[in-house]
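These are the residues of each chain, in order.
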Amino acid sequence: MTKHGPYTYRVDEGDLAVAGRHYFQRRVFQRPMRYLFIAVLVLAALLVALDLYEDGALKLSTLIVIGVGIPLIWLIPYLIAPRIMRRQFRQSAALRDENELEFDAESITFTNQRGHARIPFHELYAWSETERMILLHQTEAYFNPIPKQAMGDDHRLLAAALDAAGVKRF
């Protein structure tokens, strides 16, 4: 089996913030957030219907819920996610460490001063990518960020290996 690597990298705080925004954007329309969004839409429709039934016109409170509440759900990832990820970066020495990775058709191996981990692709929950990062999701709530720059064009080989192993895109 052909091994690719080792590739040495450090995760940048700004790239991690973008990765966090990317992750939370996808989570906004998955369960349970999807149900919250649907509930807000139903509430907005109900408020409009009640206003029109009772007064024949829309109230200011209804317009505020529709004009502010609904866009706010969409904006949450843009506002909160980068702050959360930057705080995690500052709190976690492991995120700031220099890492090394290797991969083949079946697994990826991470090594740093704290230890060594081999993760078979079939154990990954999903994977996704931003313009500058590949994110390996071990669960719905945890991902390993890998800067594409550290791998050069070989990041395409990693993406192809993940797809070939049947790892779903998040």
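First, a word on scope: everything that follows refers to the structure included in this document. Everything quoted here is computed from the prediction, not taken from an experiment.

### A few points about the environment of A160
Right, on to step 1. Within the fold, A160 resides in helix 7 (residues 155-164).
Right, on to step 2. Among the residues examined, A160 registers a relative accessible area of 43% and is labelled partly exposed.
Right, on to step 3. Separated by 55 residues in the primary sequence, A160 and A105 have C-alpha atoms spaced 9.1 Å apart.

### Digging into the sheet that holds strand 1 (residues 4-9)
Right, on to step 1. Ordered by their spatial adjacency, four strands build an open sheet running 1-2-3-4, and the pairing between neighbours is antiparallel. Each of the sheet's edge strands pairs with one partner strand only, and the pair in question is strand 1 and strand 4 (115-120). Averaged over neighbouring strand pairs, the angle between their axes works out to 15 degrees when direction is ignored.
Right, on to step 2. Summarising the sheet, strand 3 (residues 107-112) and strand 4 pair through six bridges and their orientation is antiparallel. Paired with N112 across the two strands is G115, which belongs to strand 4.

Criteria and thresholds
Residues numbered from 1 in each chain as written. Predicted model: local features only at pLDDT ≥ 70, side-chain atom pairs only at ≥ 80, totals over all residues. Heavy atoms only, no water. Helix = DSSP H or I, 4+ residues; strand = E, 2+ residues; numbered from the N terminus. Buried < 20%, exposed > 50% of the residue type's maximum accessible area, 1.4 Å probe, protein only. Pairing = 2+ DSSP bridges. Axes fitted to C-alpha atoms, helices over the stretch in contact; angles between N-to-C directions.

Taken by themselves, the reported measurements are silent on function.
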